[in-house]
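Okay, here's what each chain looks like letter by letter:
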Amino acid sequence: MSPTTFESGPAAAGAHAGAGTHRSGDSLSTGPGPSFLRVLNSEAIKFRTLLSTLILLASTALVLVGFGALSAWGTGQFARAAETDQGAAAAFAAQGSELALGAPTSGIPFAQLILGSLGVLLMSSEFTTGMARSTFAAVPKRTPAFAAKLLVVVVTAFVLTAVSVYLAGLVSLPILDHYGLPLDLGSAQSVKLLLVNSAYVAAVAAIGLALGALLRNSAGGIMSLVGLFFVLPIVFQIIPGDFFEEARKYLPGNTVQAMTATEHIPNTLEAWQAALVLGAWVVVPVVLAGVLLKKRDV
């Protein structure tokens with residue numbers, strides 16, 4: 001058996017130094033582990049190769065386009081009823097144009113639930129399947145992996161919502177035109193509705209991802225998301241009292257209406273206030289999830 005040799009002195013020091021040195025080409029190096037671009041590419045591959053993810057994304061697009069067409073048809077029926085009913089005519093005169101303008105975004109409440117749940121599942125599944133061990137073994141600092149997953153989810157949610165809302169507008173155009181109702185997809189308000197609603201859904205997806213990281217449980221995360229965006233607004237509306245009436249303005253689900261309104265709606269926040277509130281609802285859980293992700297065991 002040949003004797004084992006040990007390097008010492010400058011040679012060993014150089015070897016250890018070389019082991020801890022990152023390639024100069026990795027300009028976005030995250031320290032120990034791969035560069036952020038490599039981590040981002042890995043998360044993007046995991047995201048687009050899951051069949052469940054593709055099904056949820058396709059469902060979101062189908063819901064947005066389908067509800068857009070259904071809303072356009074319903075608005076047309078409302079306009080037709082207004083021709084013979086004075087009460088309906090008065091109501092349609094007050095909000096008919098807004099109904100037609102909002103047809104492409106009528107599916108947003110359902111899209112936020114689907115993509116928010118997707119955010120929960122993408123993070124919680126890392127722990128329920130044990131994938132977190134290999135992920136964090138490859139990325140020991142953990143934060144780059146979480147940031148990459150967050151970036152993939154937010155960008156996907158924004159782009160998918162924007163494209164689907166635009167397609168819903170294209171589908172709604174001939175339906176509304178059949179009833180003699182105008183819809184200009186290039187108007188400032190239409191563009192505002194598209195961009196703000198897309199950003200809002202992306203924010204909901206980010207909150208869902210944070211809930212998945214905090215709770216590490218798919219059912220718990222989705223139920224928390226549903227409670228925050230669907231149950232609490234109803235509860236706060238039912239319970240009497242000035243406190244609940246005021247607090248309802250600061251729920252994340254009630255911010256999008258204030259941000260997209262053409263004029264300020266009474267008993268709601270100003271558009272810039274609503275944007276700050278929604279931003280706080282995203283930043284706080286995301287930062288908390290990132291901090292706890294580094295401190296808790298896998």
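Residues numbered from 1 in each chain as written. Predicted model: local features only at pLDDT ≥ 70, side-chain atom pairs only at ≥ 80, totals over all residues. Heavy atoms only, no water.

Before going further, it helps to examine the overall build of the protein. When you go through the protein residue by residue, the secondary structure sums to 12 helices and zero strands. Looking at the protein residue by residue over its 298 residues, the buried ones come to 40%. A total of about 15800 Å² of accessible surface is found on the protein, and carbon and sulfur atoms cover 67% of it. (Helix = DSSP H or I, 4+ residues; strand = E, 2+ residues; numbered from the N terminus. Buried < 20%, exposed > 50% of the residue type's maximum accessible area, 1.4 Å probe, protein only. Areas by Shrake-Rupley, 256 points an atom, 1.4 Å probe, with all protein chains shown as cover.)

Let us look at unusual backbone geometry. Backbone geometry at Arg142 places phi at a positive 70°, although glycine is not the residue there. Following the sequence through the fold, Arg142 ends up in the loop between helix H6 (131-138) and helix H7 (143-178). Notably, Asn267 is not glycine yet its phi reads approximately 65°, a positive angle. Tracing the chain through its elements places Asn267 in the loop between helix H11 (255-260) and helix H12 (271-295). Residue Asn267 is classed as exposed on the basis of its relative accessible area of 57%.

On to H6, then. Every buried residue of H6 is listed here: Ala132, Thr135 and Phe136. Buried residues of H6, viewed axially, fall in a sector of 90°; they line one side. In H6, the exposed residues that point more than 90 degrees away from the buried face are Arg133 and Ala137. Close packing links the buried residues of H6 with helix H2 (36-49), helix H5 (108-128), H7 and H12. (Arc of directions from axis to C-beta. Contact = heavy atoms within 4.5 Å.)

Okay, H5 next. The periodicity of an α-helix, 3.6 residues per turn, causes residues three or four positions apart to be oriented the same way. Here H5 is 21 residues long and its end C-alpha atoms lie 29 Å apart, about the 30 Å a rise of 1.5 Å per residue gives. Among the 21 residues in H5, 15 count as buried, and that is most of the element. Phi for Gly130, located one or two positions after H5, is positive at around 85°. (Expected span 1.5 Å × (residues − 1).)

Attention now goes to the packing of H7 against H12. Contact geometry of H7 with H12 gives a least axis separation of 9 Å together with a crossing angle of 145°. Of the two possible hands of crossing, H7 and H12 adopt the one that is right-handed. Side by side, H7 and H12 meet where Thr143, Phe146 and Leu150 of the first sit next to Val286, Ala289, Gly290, Leu293 and Lys294 of the second. (Axes fitted to C-alpha atoms, helices over the stretch in contact; angles between N-to-C directions. Left-handed = near helix turned anticlockwise from the far one by under 90°.)

What follows concerns the environment of Ser134. Checked against the element boundaries, Ser134 lands in helix H6. Reaching out from Ser134, the side chain makes a polar contact with the backbone oxygen of Met131 at a distance of 2.9 Å. (Polar contact = N/O pair within 3.5 Å; in protein donor to acceptor, adjacent residues only side chain to side chain.)

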